Amino acid sequence: MCRSLARIRTCAVSSEEFTNEFINSMRDGKSDTFRKRYREMDILRVHDIQFLADRESSQEEFFHTFHTTVMHADRKICADGRAPPHLATELTNRIKNGGPRMTASQAAPG
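These numbers were taken from a predicted model, which means no experiment stands behind them.

What counts and what doesn't
- Numbering of residues starts from 1 in each chain and follows the order in which that chain's sequence is written.
- Given that the model is predicted, a residue must reach a pLDDT of at least 70 before its local features are reported, and side-chain atom pairs must reach 80 or more before they are shown or counted; all residues, however, enter totals for whole chains, interfaces and linings.
- Think of the side-chain values as coming from all heavy atoms in the structure, minus any hydrogens and water.
- The buried label applies to any residue whose accessible area, calculated with a 1.4 Å probe on protein chains only, is under 20% of its type's maximum; exposed applies above 50%, and partly exposed to all values in between.
- Put simply, DSSP H or I for four residues or longer makes a helix, DSSP E for two residues or longer makes a strand, and each gets a number counted from the N terminus.
- What the arc measures is the spread of directions leading from the helix axis to the C-beta atoms.
- Two residues form a contact once any of their heavy atoms are found within 4.5 Å.
- A helix is expected to span 1.5 Å multiplied by its residue count minus one.
- Note on terminology: a nonpolar core comprises buried Ala, Val, Leu, Ile, Met, Phe, Trp, Tyr and Cys residues joined through side-chain atoms within 4.5 Å.
- Interaxial angle, 0 to 180 degrees, is taken between N-to-C directions of lines fitted to C-alpha atoms, where a helix line uses only the stretch in contact.
- Oblique is the label for any angle not covered by the other classes, which are roughly parallel (under 35 degrees), roughly antiparallel (over 145) and roughly perpendicular (65 to 115).
- Take the far helix as the reference: if the near one is turned anticlockwise from it by less than a right angle, the crossing is left-handed, and if turned clockwise, right-handed.
- Ten residue types, Ala, Val, Leu, Ile, Met, Phe, Trp, Tyr, Cys and Pro, are classed as nonpolar, four, Asp, Glu, Lys and Arg, as charged, and the remainder, Gly among them, as polar.
- Any Lys or Arg side-chain nitrogen located within 4 Å of an Asp or Glu carboxyl oxygen qualifies as a salt bridge.

Remarks on helix H2 (residues 31-39)
Turning to step 1, where the next piece is worked out: Within the sequence span of H2, burial applies to Ser 31, Phe 34, Tyr 38 and Arg 39. One face of H2 carries all of its buried residues, which in axial projection span an arc of 105°. Seen from the open side of H2, the exposed residues pointing more than 90 degrees away from its buried face are Asp 32, Thr 33 and Lys 36.
Turning to step 2, where the next piece is worked out: Of the surrounding elements, those touching the buried residues of H2 are strand S2 (8-14), helix H1 (15-27), strand S3 (43-47) and helix H3 (56-70).

Shown next, in the form of structure tokens:
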């Protein structure tokens, strides 16, 4: 669900939906529309990040979306779910090495 609230563009989406939209946009030649939709959000929340396991192109697109979003000081992104160890480690390392505005933390479900 994506919407605008008082000039703040927010979107909450499952990683499955993110992946399906990404695949469909590639198939339909609308990858620019997909990227614009997610990368221009002020707040982007991606649920169930574990769905990205073993989906390398979706992981890559998620990382680029994450990177593009957080390089703007006024934008935030949040991902939740139980990431498999290899995915959690890889994404955390890429995020930590992505620049001064990028941070990552891993916490056990509460």
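Moving on from the model shown.
Re H3
Turning to step 1, where the next piece is worked out: For H3, built from 15 residues, the straight-helix expectation of 21 Å at 1.5 Å per residue is met to within 8% by its first-to-last C-alpha distance of 21 Å.
Turning to step 2, where the next piece is worked out: If you check which residues of H3 are buried, you get Ser 58, Gln 59, Glu 61, Phe 62, Phe 63, Thr 65, Phe 66, Thr 69 and Val 70.

What to know about the nonpolar core
Turning to step 1, where the next piece is worked out: In this structure, Cys 11, Val 13, Tyr 38, Leu 44, Val 46 and Phe 62 are the most contacted members of the largest nonpolar core, which totals 14 residues.
Turning to step 2, where the next piece is worked out: For this core, the elements supplying multiple residues, two or more each, are S2, H1, H2, S3 and H3.
Turning to step 3, where the next piece is worked out: Of all the elements, H3 adds the most residues to this core, at three residues.

Section: the packing of H2 against H3
Turning to step 1, where the next piece is worked out: At a minimum axis distance of 9 Å, the contact between H2 and H3 shows a crossing angle of 50°. One element, H2, and the other, H3, form an angle in the oblique class. Relative to H3, H2 is oriented so that their crossing is right-handed. Only Glu 61, His 64, Thr 65, Thr 68 and Thr 69 of H3 make contact with H2, whose side of the interface consists of Phe 34, Arg 35, Tyr 38 and Arg 39.
Turning to step 2, where the next piece is worked out: Classifying every residue of the contact of H2 with H3 gives two nonpolar, four polar and three charged.

Quick look at the pattern of salt bridges
Turning to step 1, where the next piece is worked out: This model, assessed by the stated rule, comprises five salt bridges.
Turning to step 2, where the next piece is worked out: In this structure, Arg 9 and Asp 42 form a salt bridge, with 3.3 Å as the shortest nitrogen-oxygen distance. A residue pair is termed long-range when its members are at least 10 positions apart, and Arg 9 in strand S2 and Asp 42 in the loop between H2 and S3 qualify at 33 residues.
Turning to step 3, where the next piece is worked out: Note on Arg 9: relative accessible area 29%, which makes it partly exposed.
Turning to step 4, where the next piece is worked out: Relative accessible area serves as the criterion here: at 9%, Asp 42 is assigned to the buried category.
Turning to step 5, where the next piece is worked out: A salt bridge links Arg 39 to Glu 61; the nearest nitrogen and oxygen atoms lie 2.8 Å apart. In this pair, Arg 39 sits in helix H2 while Glu 61 sits in helix H3, placing the two residues 22 residues apart along the sequence. An identical accessibility class is assigned to Arg 39 and Glu 61; each is buried.
Turning to step 6, where the next piece is worked out: Salt bridges sharing common partners tie together Arg 35, Arg 39 and Glu 61.

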